[in-house]
Amino acid sequence: MPALLSDAELLARIVAFDTVSSNSNLPLVDFISEYLDRPGVRIERHPSPDGTKANLIVRVGPEREDSAGLALSGHMDVVPAGEPGWESDPFTLTDRGDRWVARGACDMKGFVALAVNLAAEAAQPDRLARMTAPLALVITYDEEVGTLGARWLAEDYGGCGTLPRAMIIGEPTSLAVVGLHKGHLKMRATFSGKSAHSGYPHLGANAIVPAGRAIVALAELGVGLEREGAPSSASFPDVPFAAINVGTVHGGSAINVVPDACVVEIGVRTMPGLESARLAPRVEAAITSVPLPAGVTVRTEILSDSPPMMLSPDAPIHRLLFDLTGQKETRSVGFATDAGWLARAGFDCAVFGPGTIEVAHKPNEWLPKSEYAKAREIVERAITRLCEDPQ
């Protein structure tokens, strides 16, 4: 049986795996599986459709037919670390006194390491003997590129109903209990025309000009959505509307060539009560409302859809975390998490974890040791309350 590692040692090992979303996460899945290969632990892989990645589902403790117990969830992938400004190797955990620095230390390998070690500790014989309900880990792939692993789990994995209903998703919230968040709908519009020498424009069909008009139409839609708000607007005081962002535009090859293609990518921050089913058709309508010159066509598509999430204030996991933290009212965040899809799979998801989203996706990403220790204490108390015999 593998020896227990300290939290810092385990985090250093997990950080060292380059799980940028373009890479396979299977080496990290192998490592966590081997580390948790202990009596009383049941490990299951849920492969991606192409088999190059996998979600990892871990159960510790007794099996139950009801939904009692606690699930801890995090994602294994990280954003790229090629940006300038790093003062140390992004895939080597660096100790800077009051913090750990590395890509993913905050978002969110810190919580993954915390959850894995708590599961390993729960598998110790004396702890197993006290467990009356299971502790589960649900560790996903490709959250950073559209919550793809969580979506595949919700749509394909048949065992969600056998896992504990109460779930903590350890995204960095600075230890605030978050009960609702926005979603993120990603779309693409591809304008196709015909190239020609710019001295003879009548022989071609310019794809960029109508794309530019579509961008203006999208901006007008954004203004309209800002005026309309949403049923959950009061919960998002900083940005109380579904925000549209024209994120990338690619087109043309040279100044003296009529461009035959232009691609526009759009992100929409959906909201509880104003989700993608209502917003995607409006985005498509804005794009297709633009008159197209002869020879130009446009195609729209959805790249990914991370739904918003809203947890009932009466959900037991919500009330428990309020009790353990002393927080009185739920918080909201403007970013999407795996909770959107996992809630659809039947879990009561509360987002709660150490670190701040403000340092995620940036050089020298860091995780405060004090918040990690506090998060560990709170989650361990939640495990005791939900999974162990109070006697």
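Residues numbered from 1 in each chain as written. Predicted model: local features only at pLDDT ≥ 70, side-chain atom pairs only at ≥ 80, totals over all residues. Heavy atoms only, no water.

A. View of the overall build of the protein. Along the backbone of the protein there are ten helices and 18 strands. Taken against the 2.2 N^0.38 rule, which gives 21 Å for 391 residues, the C-alpha radius of gyration of the protein at 23 Å falls within 12% of a compact globule. The proportion of buried residues among the 391 residues of the protein is 52%. Expressed as a percentage of contacts within the protein between residues at least 6 apart in sequence, the contacts between residues at least 24 apart total 80%. When the accessible surface of the protein is totalled, it reaches about 16500 Å², and 53% of it is carbon and sulfur. Computed over 35 positive and 48 negative side-chain charges, the separation of the two mean positions in the protein equals 3 Å. (Helix = DSSP H or I, 4+ residues; strand = E, 2+ residues; numbered from the N terminus. Rg over C-alpha atoms; globule rule 2.2 N^0.38 Å. Buried < 20%, exposed > 50% of the residue type's maximum accessible area, 1.4 Å probe, protein only. Contact = heavy atoms within 4.5 Å. Areas by Shrake-Rupley, 256 points an atom, 1.4 Å probe, with all protein chains shown as cover. Lys, Arg positive; Asp, Glu negative; His and termini not counted. Charge placed at Lys NZ, Arg CZ, Asp CG, Glu CD.)

B. Structural detail: the environment of histidine 318. Take histidine 318: it is sitting in helix α8 (residues 316–325). Classification of histidine 318 by relative accessible area gives buried; the value is 2%. A C-alpha to C-alpha distance of 27 Å links histidine 318 and alanine 129, two positions 189 residues apart in sequence. Every residue in contact with histidine 318, bar those within four places of it in the chain, is listed here: Val177, Gly179, Leu311, Ser312, Pro313 and Thr330.

C. Structural view of the pattern of salt bridges. Here the structure, examined in full by the defined rule, presents 26 salt bridges. Here glutamate 380 makes a salt bridge to arginine 376, at a shortest N to O gap of 3.8 Å. Of this pair, glutamate 380 and arginine 376 both sit in helix α10 (residues 369–387), four residues apart, which is roughly one turn of that helix. In this structure, arginine 381 engages glutamate 377 in a salt bridge whose closest nitrogen and oxygen atoms are separated by 3.9 Å. One end of the pair, arginine 381, and the other, glutamate 377, are both in helix α10, four residues apart, so they sit about a helical turn from each other. In this structure glutamate 377 comes out as partly exposed when scored by relative accessible area, which is 37%. (Salt bridge = Lys/Arg side-chain N within 4 Å of Asp/Glu carboxyl O.)

D. Summary view of the side chain of aspartate 107. Tracing the backbone through its elements, the reader meets aspartate 107 in helix α3 (residues 105–122). Although aspartate 107 is buried, it makes no salt bridge; arginine 103 carries the closest opposite charge, 7.5 Å away. In this structure, aspartate 107 is in contact with His75, Asp77, Val78, Glu144, Glu171, Pro172, Ala360, His361 and Glu365, ignoring residues within four places of it in sequence.

E. Region of the structure containing the environment of glycine 104. Residue placement: glycine 104 occurs in the loop between β5 (99–101) and α3. On the accessibility criterion, glycine 104 (0% relative accessible area) is buried. Distance in space between the C-alpha atoms of glycine 104 and valine 15 is 6.7 Å, their sequence separation being 89 residues. The contacts of glycine 104, once residues within four sequence positions are left out, are Val78, Lys109, Gly110 and Glu365.

F. Quick peek at the packing of aromatic side chains. Under the defined criterion, the tally for this structure stands at three aromatic pairs. Measuring from centroid to centroid gives 5.6 Å for phenylalanine 17 and phenylalanine 31, while their planes differ by 40°, and the two rings are tilted. Of this pair, phenylalanine 17 sits in the loop between α1 (7–15) and α2 (26–35) while phenylalanine 31 sits in helix α2, and the two are 14 residues apart along the sequence. Residue classification places phenylalanine 17 among the partly exposed positions, given a relative accessible area of 22%. When its relative accessible area of 10% is taken as the criterion, phenylalanine 31 is described as buried. Each ring, one from tryptophan 100 and one from tyrosine 372, has its centre 5.4 Å from the other, and the planes form 90°; the classification is edge-to-face. Taken together, the positions of tryptophan 100 in strand β5 and tyrosine 372 in helix α10 put the pair 272 residues apart, joining distant regions of the chain. (Phe/Tyr/Trp six-rings, centres within 6.5 Å; stacked < 30°, edge-to-face > 60°.)

G. Summary view of the pairing of strand β9 (residues 184–192). One ladder, built from nine bridges, connects β9 with strand β14 (residues 297–306); its direction is antiparallel. Paired with leucine 185 across the two strands is aspartate 305, which belongs to β14. Examined bridge by bridge, β9 and strand β13 (residues 261–268) share eight bridges and lie antiparallel to one another. By the bridge assignment, phenylalanine 191 is partnered in β13 with cysteine 262. (Pairing = 2+ DSSP bridges.)

H. The arrangement of the pairing of strand β7 (residues 166–169) in detail. Of the two faces of β7, the one carrying Ala166 and Ile168 and the one carrying Met167 and Ile169 are both buried. Pairing of strand β3 (residues 70–75) with β7, which is carried by three bridges, proceeds in the parallel orientation. Residue pairing in the sheet places serine 73 in a bridge with isoleucine 169 of β7. Bridge count between β7 and strand β17 (residues 348–351): four bridges; the pairing is parallel.

Interpretation in functional terms is not warranted from these geometric data alone.
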